[in-house]
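So you can see what is in the structure, the chains are spelled out below.
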Amino acid sequence: MIELKNAAFSYGGRDILMDMNLRLSPGSFHFLTGPSGSGKTTFMRLCYQALQPSSGLLRIFERDVRAMDRDDVARMRRRIGVVHQDCQFLNHLNLAQNVLLPLQVSEREDEIDEEQLLDLLGWVGLADHKDAMPAELSGGERQRAALARAIIMSPDLIIADEPTGNVDWEMAQRLLSLLIELNKMGKTILLATHDLNLIRTAKAEVSARVLRIQDQRLHLAGADL
Amino acid sequence: MMGGVIAFLQGDRQADQVVPPSGFTARLTSFTAGAMAFLTVFALALSLATGRLADRWNAELARTSTVRISAPEGQMAAQSEAVLNVLRTTPGIQTARVMSDAEQRKLLEPWFGPDLPLDSLPIPRLIEVIESSGGPDIEGLRLRLSAEAPGAVLDDHTRWRRPLVTAATRLRMMGLLSILLIAGSTAAMITLAAQSALAANGQVISVLRLIGARDVYIARAFVRRFTVRAFVGALIGTIAAMVTTFFLPAAAEEGAFLTGLGFQGIHWLLPVLIPIMAAIVAFWATRIAAFRVLKRLM
């Protein structure tokens with residue numbers, strides 16, 4: 001699904017990430033940890049091609065990213081759902097319209113009806129908020145809304161960058177359980193977090209692997225948790 | 001192609017709504033397009049009017065000439081008759097006639113007023129000459145006139161006609177150049193407004209790119225909005241300018257240059273093209289600006 005071979009990323013002459021080797025298999029669940037500023041977000045951005053590696057090989061869905069043009073990147077992102085810690089919405093659209101956006105920009109808005117949309121919003125606990133504007137949502141609600149938007153296209157891969165960073169423990173567990181449920185449906189999950197308790201909580205429910213970024217390099221932190 | 005244009009004008013309601021309403025840039029674009037259309041109508045009117053003027057002067061003056069006879073009172077009639085005889089026997093002359101006192105008074109009226117006592121003033125006698133298509137041998141005619149009537153001077157209007165026609169032709173060129181400059185300025189201003197709108201919507205664009213929107217989808221929402229605004233603004237500006245032009249003084253014999261600056265006949269249809277051209281300029285200016293901005297984002 002995602003494959004890196006000796007990939008590196010540098011910016012302004014400074015090496016941010018080096019010698020990265022990884023293969024994310026379909027249906028796997030990976031945590032990504034590391035100290036603040038270690039390059040977790042940079043790594044995530046490489047995985048949905050918001051950044052290009054400076055050297056080495058990066059293949060996403062079996063395609064070398066260097067061979068992709070901008071339309072290819074757009075099509076590739078339709079297969080990846082991204083959730084950020086600071087998730088952004090179109091503030092002039094309500095929650096339902098924001099969640100439907102990925103289908104709309106892919107010109108596939110006919111693929112979902114009102115009932116299915118309400119089911120999805122109900123799954124993330126936001127069915128009662130479908131007409132709310134983004135500014136009216138709490139931090140946890142925004143994260144769940146971002147998750148709903150990320151999965152509405154039924155993506156193969158979900159990349160979540162510190163989605164629990166701004167929410168309380170109860171909400172963090174709720175988000176984690178949603179991601180675990182998605183993984184059980186066959187989705188590949190890559191979740192960046194510095195919260196080790198969250199990783200331990202996941203251990204009981206899912207076979208996950210932990211990647212750690214340290215000294216600008218990507219390490220496999222151990223066997224399945 | 002027509003279907004594509006109609007689909008573009010009808011728009012995609014859902015695609016359009018991804019870009020938030022932007023009041024200031026909307027008003028700026030419409031105002032710019034309207035003002036530029038207004039100026040374009042006048043530049044076009046000036047260009048067409050000077051073109052007509054140049055053609056008219058060329059046609060009217062090219063086939064006429066005047067013989068001016070300055071002679072003592074007692075010799076005026078004899079020299080006039082001699083000049084007419086020469087002219088009647090010169091190949092290339094269609095007609096020649098002595099202008100009446102009333103006609104000469106009318107010619108002098110703008111300078112000396114209506115009560116000019118022609119009899120008491122030593123005013124030269126004028127003979128109007130209409131040339132046939134080939135025209136006479138001007139130099140040969142001058143020699144014959146000087147031999148038969150020493151007080152006669154042939155004026156074939158060349159020295160008047162050339163600078164007037166040149167000036168009118170240059171004015172027409174300046175009018176056309178002005179239209180091109182206005183189109184360029186419109187494109188520049190709409191580009192700036194579009195770039196401003198794109199910059200103000202940076203977050204919208206990055207969200208759309210993140211969820212898989214292609215550049216063409218994002219650009220389309222901006223391009224359609226600016227194109228429609230430019231079209232509507234230009235339409236209003238064009239109508240306002242055409243109404244103003246309609247009430248300009250009509251062409252008058254006495255008015256010469258400053259009257260008749262409006263449109264005539266089928267030329268009234270030309271301003272219809274201005275809003276269409278403004279929309280085309282806005283379409284390409286916004287499209288180029290949008291793709292340039294989008295290219296900077298991953």
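Calculation criteria
- Each chain has its residues counted from 1, running along the sequence as written.
- Ligands are numbered from 1 and chains lettered from A, in the order in which they are written.
- Thresholds applied to this predicted model are a pLDDT of at least 70 for local features of residues and 80 or more for the giving and counting of side-chain atom pairs; totals over whole chains, interfaces and linings are not thresholded and use all residues.
- Side-chain numbers come from the whole structure's heavy atoms, not from hydrogens or water.
- Secondary structure counts use DSSP, requiring at least four H or I residues in a row for a helix and at least two E residues in a row for a strand, with both numbered from the N terminus.
- Only protein chains enter the accessibility calculation, which uses a 1.4 Å probe; a residue whose area is less than 20% of its type maximum is buried, one above 50% is exposed, and one in between is partly exposed.
- Note on definitions: salt bridges are taken to be side-chain nitrogens of Lys or Arg within 4 Å of carboxyl oxygens of Asp or Glu.
- Domain borders in the structure are assigned automatically or taken from a domain database.
- Contacts are assigned to residue pairs with any non-hydrogen atoms lying within 4.5 Å of each other.
- The term buried area denotes the loss of accessible surface (1.4 Å probe radius) that occurs when two parts are joined, taken as the sum for both partners.
- In the analysis that follows, any N or O atom pair within 3.5 Å is treated as a polar contact, provided that within protein one partner can donate a hydrogen and the other can accept it, and provided that, for residues neighboring in sequence, both atoms belong to side chains.
- Three classes are used, and their members are as follows: Ala, Val, Leu, Ile, Met, Phe, Trp, Tyr, Cys and Pro are nonpolar, Asp, Glu, Lys and Arg are charged, and the others, Gly among them, are polar.
- Strand pairing is assigned whenever DSSP identifies at least 2 bridges connecting the two strands.
- Throughout this description, the term nonpolar core refers to a set of buried Ala, Val, Leu, Ile, Met, Phe, Trp, Tyr and Cys residues connected via side-chain atoms within 4.5 Å.

A.B. asks: Let's hear about the environment of Val99 of chain A: which residues, and what values?
C.D. replies: Residue and element names in this part refer to chain A. By secondary structure assignment, the location of Val99 is in helix H3 (residues 95–105). For Val99, a relative accessible area of 0% corresponds to the buried category. Sequence separation between Val99 and Ala146 is 47 residues; the distance between their C-alpha atoms is 7.5 Å.

A.B. asks: Could you give an account of the pattern of salt bridges, naming the residues involved and the relevant values?
C.D. replies: As enumerated under the stated definition, the model contains 21 salt bridges over all chains in all. One salt bridge connects Asp71 of chain A with Arg214 of chain B, and the closest N-O pair in it is separated by 3.3 Å. Of this pair, Asp71 of chain A sits in helix H2 (residues 70–77) while Arg214 of chain B sits in the loop between helix H8 (202–210) and helix H9 (215–246), on two different chains. Exposure remark for Asp71 of chain A: the relative accessible area of 23% places this residue in the partly exposed category. Its relative accessible area of 29% is what places Arg214 of chain B among the partly exposed residues. Ionic pairing is found between Arg88 of chain B and Glu81 of chain B, a salt bridge with its closest N-O pair at 3.6 Å. Residue Arg88 of chain B is classed as exposed on the basis of its relative accessible area, which comes to 53%. In this structure Glu81 of chain B comes out as partly exposed when scored by relative accessible area, which is 40%. A single network of salt bridges, built from pairs that share partners, joins Glu3, Lys5, Arg23, Arg59 and Glu62 of chain A.

A.B. asks: Explain the domain arrangement of chain A to me, and be specific about the residues and the numbers.
C.D. replies: Residue and element names in this part refer to chain A. Domain parsing of chain A yields domain 1 (1–79 + 155–225) and domain 2 (90–153). Put simply, the middle of domain 1 and the middle of domain 2, counted by C-alpha atoms, are 23 Å apart. Taken together, the contact between domain 1 and domain 2 spans 13 residues of the former and 13 residues of the latter. For the pair domain 1 and domain 2, the two sides together bury roughly 1,200 Å², of which 69% comes from carbon and sulfur. Considering only the surface of domain 1 that becomes buried against domain 2, Arg78, Pro155 and Leu178 emerge as the three largest contributors, covering 41% of it. One can count 0 salt bridges joining domain 1 with domain 2. For the pair domain 1 and domain 2, the interface holds 3 residue pairs in polar contact (both at pLDDT 80 or more). A per-element tally of the side of domain 1 that touches domain 2 places helix H6 (residues 169–184) first, with 7 residues. Of the residues that constitute the side of domain 1 that touches domain 2, the class distribution is 10 nonpolar, no polar and 3 charged.

A.B. asks: Run through the pairing of strand E6 (residues 80–84) of chain A, naming residues and quoting values.
C.D. replies: All names here are of chain A. Within E6, 4 of the 5 residues are buried, which leaves the element mostly enclosed by the surrounding structure. Here E6 runs beside strand E7 (residues 157–161); their pairing, made up of 5 bridges, is parallel. Looking at the pairing, Gly81 lines up with Ile158 of E7.

A.B. asks: Now, about the pairing of strand E10 (residues 217–220) of chain A: what can you tell me, with residues and values included?
C.D. replies: Where strand E9 (residues 208–214) of chain A and E10 of chain A come together, 4 bridges link them in antiparallel fashion. Its bridge partner lying in E10 of chain A, Arg212 of chain A is registered against His219 of chain A.

A.B. asks: Please provide a residue-by-residue account of the nonpolar core, values included.
C.D. replies: Counting 44 residues, the largest nonpolar core has Phe29, Phe31 and Leu179 of chain A as its most contacted members. No other element matches H6 of chain A, which puts 8 residues into this core. Per-domain counts for this core show at least three residues from each of domain 1 (1–79 + 155–225) and domain 2 (90–153) of chain A. Excluding anything up to four places from it in sequence, Phe31 of chain A contacts Leu176, Leu191, Thr193, Ile199, Ala202, Ala208, Arg209, Val210 and Leu211 of chain A. In terms of nonpolar packing, the next biggest core, distinct from the first, is built from 42 residues, Leu90 of chain A together with Ala45, Leu198 and Ala282 of chain B among them.

A.B. asks: Quick rundown of the interface of chain B and chain A? Include the residues and the values.
C.D. replies: At the junction of the two partners, chain B supplies 23 residues and chain A supplies 28 residues. One can count 3 salt bridges joining chain B with chain A. Linking chain B with chain A are 10 residue pairs in polar contact (both at pLDDT 80 or more), by the criterion used here. Sorting the residues of the side of chain B that touches chain A by element identifies helix H2 (13–17), H8, H9 and helix H10 (273–295) of chain B as the ones contributing at least two each. Broken down by element, the residue count for the side of chain B that touches chain A peaks at 6 residues, all from H8 of chain B. Taken together, the residues of the side of chain B that touches chain A sort by class into 14 nonpolar, 4 polar and 5 charged.

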